[in-house]
Amino acid sequence: QVQLVESGGGSVQAGGSLRLSCVASGYEILGKCMAWFRQVPGKEREGVASLGTGSLVTSYTDSVKGRFTISHDNAKNAVYLQMNSLKVEDTAMYFCATGAVAHRRGGEIACPTSSGYTDWGQGTQVTVSS
């Protein structure tokens, strides 16, 4: 029922930028938890960033803080991941996800980054070369 389609991946040199898009169909992203994950062969899936489209609270894994930004556009029913200052270690298949339940953290409501997501896109490949 839920369809998430990622785009915007590609090959870029270290220090460059890419903007990933995730368009949702059959699903309203407003008031939901949205997230980006990444995975490389032989390693477990890693949560990169999350966004509560109602609370507007974001969360990032430490390795991308200050470089990546998650955002959304309700009118386009889409979520984005702006990736700047890319590093070789950012190379991975990137997936868009939704379906997690927000939790309370330090008095605010935030979406999880590493668990709880039930619906996934097919992924878009990001390759960073030195």
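Before reading on, note that the structure itself is shown above.
Residues numbered from 1 in each chain as written. Predicted model: local features only at pLDDT ≥ 70, side-chain atom pairs only at ≥ 80, totals over all residues. Heavy atoms only, no water.

Caption draft 1: Region of the structure containing the overall build of the protein. Tallying secondary structure elements over the protein gives 0 helices and 13 strands in all. Taken from N to C terminus, the helices and strands of the protein fall in the order β-β-β-β-β-β-β-β-β-β-β-β-β. Expected size for 130 residues packed as a compact globule is a radius of gyration near 14 Å; at 14 Å, the protein falls within 12% of this value. Summarising its shape, the C-alpha atoms of the protein cover approximately 40 × 35 × 30 Å along the three principal directions. Per-residue burial over the protein gives 43% buried out of 130 residues. In the protein, once contacts between residues fewer than 6 apart in sequence are set aside, the share between residues at least 24 apart is 59%. Within the structure as shown, the protein displays about 6700 Å² of accessible surface, and the carbon and sulfur contribution to it stands at 48%. The distance from the centre of the 11 positive side-chain charges to the centre of the 10 negative ones in the protein is 3 Å. (Helix = DSSP H or I, 4+ residues; strand = E, 2+ residues; numbered from the N terminus. Rg over C-alpha atoms; globule rule 2.2 N^0.38 Å. Buried < 20%, exposed > 50% of the residue type's maximum accessible area, 1.4 Å probe, protein only. Contact = heavy atoms within 4.5 Å. Areas by Shrake-Rupley, 256 points an atom, 1.4 Å probe, with all protein chains shown as cover. Lys, Arg positive; Asp, Glu negative; His and termini not counted. Charge placed at Lys NZ, Arg CZ, Asp CG, Glu CD.)

Caption draft 2: View of the sheet that holds strand β8 (residues 78-83). Spatial ordering of the open sheet is given by β1-β3-β8-β7, a layout of 4 strands whose pairing is antiparallel. One side of each edge strand has no neighbouring strand; the edge strands of this open sheet are β1 (3-7) and β7 (68-73). Looking at each pair of strands side by side, their axes are set apart by 15 degrees on average, direction ignored. Both β7 and β8 contribute to a ladder of 6 bridges, which runs antiparallel. Counterpart to Ser71 in the pairing with β8 is Tyr80. (Pairing = 2+ DSSP bridges. Axes fitted to C-alpha atoms, helices over the stretch in contact; angles between N-to-C directions.)

Caption draft 3: Up close: unusual backbone geometry. Its identity as a non-glycine residue notwithstanding, Leu56 has a phi of 65 degrees, on the positive side. Along the chain, the position of Leu56 falls in the loop between β5 (46-52) and β6 (58-60). Phi at Ser85 takes a positive value of approximately 50 degrees, unusual for a residue other than glycine. As for its placement among the helices and strands, Ser85 is situated in the loop between β8 and β9 (92-98). Among the residues examined, Ser85 registers a relative accessible area of 40% and is labelled partly exposed.

Caption draft 4: Geometry of the side chain of Glu6. Examined against the element boundaries, Glu6 turns out to sit in strand β1. Despite its burial, Glu6 pairs with no opposite charge, the nearest such side chain being Arg45 at 10 Å. Reaching out from Glu6, the side chain makes a polar contact with the backbone nitrogen of Gln122 at a distance of 3.0 Å. Polar contacts involving the side chain of Glu6 include one to the main-chain amide nitrogen of Gly123, which spans 2.9 Å. (Salt bridge = Lys/Arg side-chain N within 4 Å of Asp/Glu carboxyl O. Polar contact = N/O pair within 3.5 Å; in protein donor to acceptor, adjacent residues only side chain to side chain.)

Caption draft 5: Main features of the side chain of Arg38. Within the secondary structure, Arg38 is located in strand β4 (residues 33-39). For Arg38, a relative accessible area of 7% corresponds to the buried category. A distance of 2.8 Å separates the side chain of Arg38 from the side chain of Glu46, its partner in a polar contact. In this structure the side chain of Arg38 is engaged in a polar contact, spanning 2.9 Å, whose partner is the side chain of Tyr94.

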